[in-house]
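Listed below, chain by chain, are the residues.
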Amino acid sequence: MIFHILTLFPEIFEGYKSSSILGRALEQNQVELDLINIRDFARDRHRTCDDATYGGGPGMVLKPEPLAEALESVPGVKQKRGGRGGGIPVVYLTPSGKLWSQGLAQELAATPRVALICGRYEGIDQRIIDLFVTDEISVGDYILNGGEVAAMVVIDTVVRLLKGVITEGSLVEESFSQGLLEYPQYTRPAVFRGHRVPEILMSGHHAEIERWRREKSIEKTRRNRPDLQREQEP
Ligand code: SAM
């Protein structure tokens, strides 16, 4: 899968690219990160990418021309002509988008390539959204300084769902995969600072272990995310 990332700060992704699961997926060509510097598409002497907001108010807005040209440099990106446009998904990371979730990640993981727009300052000119963006996505109800960290959240979630990137069994029991949060996990030593691993996990009784894990999952979901349980109810 190819992620085309449009950003004013491509260097933010450098350390991330070599890390753990993503680093391995990149090495094995399961994933490609195509970093596109929006500033490379600015035409004036100062390579200006932002301007004051029409109507007044604090802060700057990303100008439409460099961003449109940066988008048009991505294979498969099409300007919309009514409806969704028929090209590859163009995602704008924004706090006013749809809340990112495991379900949306699964949908995105089914597409071979996607363009991710990282906003800065007060955001991007609305006409880019009207003309190119197919999906507006928020990673949470808070404001980040820029879309780069949000793009990493999206990439990280999607990459682990791609076939062959991580052991498939690990995905089945993860939080959200069955509408529940994951049960508690333990590793050696059996006793740590006086706290013992629950006996049941060392009993070797697989059916009992499964029952215990399910109970703990339900308890934890009820305590930390009662909204998830409500979604499960008919
Ligand atoms: N003025 C904007 C607003 O109130 O909605 C916030 C702009 S924010 C400082 C700059 C950029 O960070 C946004 O354009 C967006 O790309 C990114 N961003 C900030 N919070 C985000 C979130 N929760 N999810 C996704 N992207 C976010």
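The structure contained in this document is the topic of the report that follows. These figures come from a predicted structure and were not determined experimentally.

A count of helices and strands for the protein gives nine helices and nine strands. Its C-alpha atoms give the protein principal-axis dimensions of roughly 70 × 40 × 40 Å. In the protein, of all internal contacts separated by at least 6 residues, the share reaching a separation of at least 24 is 73%. If you sum the accessible surface of the protein, you get close to 14000 Å²; carbon and sulfur atoms cover 50% of it.

Glancing now at the site of the ligand. Around the ligand, 20 residues are found, and the nearest of them are Tyr92, Leu93, Gly119, Tyr142 and Leu144. Glu122 places a side-chain nitrogen or oxygen 3.0 Å from a nitrogen atom of the ligand. A distance of 2.8 Å is found between a nitrogen atom of the ligand and a backbone nitrogen or oxygen belonging to Tyr142. In isolation the ligand exposes 580 Å². Once the protein is present, 84% of that is buried. Elements with a contribution of two residues or more to the shell around the ligand: strand E5 (90–99), strand E7 (135–138) and helix H6 (147–159). For the shell around the ligand, the leading source of residues is E5, giving four residues. Tallied by class, residues from the shell around the ligand come to 10 nonpolar, eight polar and two charged.

With that settled, the discussion passes to the pattern of salt bridges. Taken as a whole and judged by the stated rule, the model has 10 salt bridges. Note that Arg196 and Glu199 form a salt bridge whose closest N and O atoms lie 3.6 Å from each other. A salt bridge links Lys216 to Glu219; the nearest nitrogen and oxygen atoms lie 3.6 Å apart. With a gap of three residues between them, Lys216 and Glu219 both fall in helix H8 (residues 206–224), about one helical turn apart. Judged by relative accessible area, Lys216 falls into the partly exposed class, the value being 25%. A relative accessible area of 38% means that Glu219 is categorised as partly exposed.

Attention now goes to H6. Counting along an α-helix, one turn takes 3.6 residues, and residues three or four places apart therefore face a common direction. With 13 residues, H6 extends 18 Å between its outermost C-alpha atoms, agreeing within 8% with the 18 Å of an ideal straight helix rising 1.5 Å per residue. Taking burial as the measure, the 13 residues of H6 include 10 buried ones, the bulk of the element. Looking only at H6, the buried set comprises Gly147, Glu148, Ala150, Ala151, Met152, Val154, Ile155, Thr157, Val158 and Val159.

Procedures and definitions
Residues numbered from 1 in each chain as written. Predicted model: local features only at pLDDT ≥ 70, side-chain atom pairs only at ≥ 80, totals over all residues. Heavy atoms only, no water. Helix = DSSP H or I, 4+ residues; strand = E, 2+ residues; numbered from the N terminus. Contact = heavy atoms within 4.5 Å. Areas by Shrake-Rupley, 256 points an atom, 1.4 Å probe, with all protein chains shown as cover. Near = heavy atom within 4 Å. Polar contact = N/O pair within 3.5 Å; in protein donor to acceptor, adjacent residues only side chain to side chain. Nonpolar A, V, L, I, M, F, W, Y, C, P; charged D, E, K, R; others polar. Salt bridge = Lys/Arg side-chain N within 4 Å of Asp/Glu carboxyl O. Buried < 20%, exposed > 50% of the residue type's maximum accessible area, 1.4 Å probe, protein only. Expected span 1.5 Å × (residues − 1).

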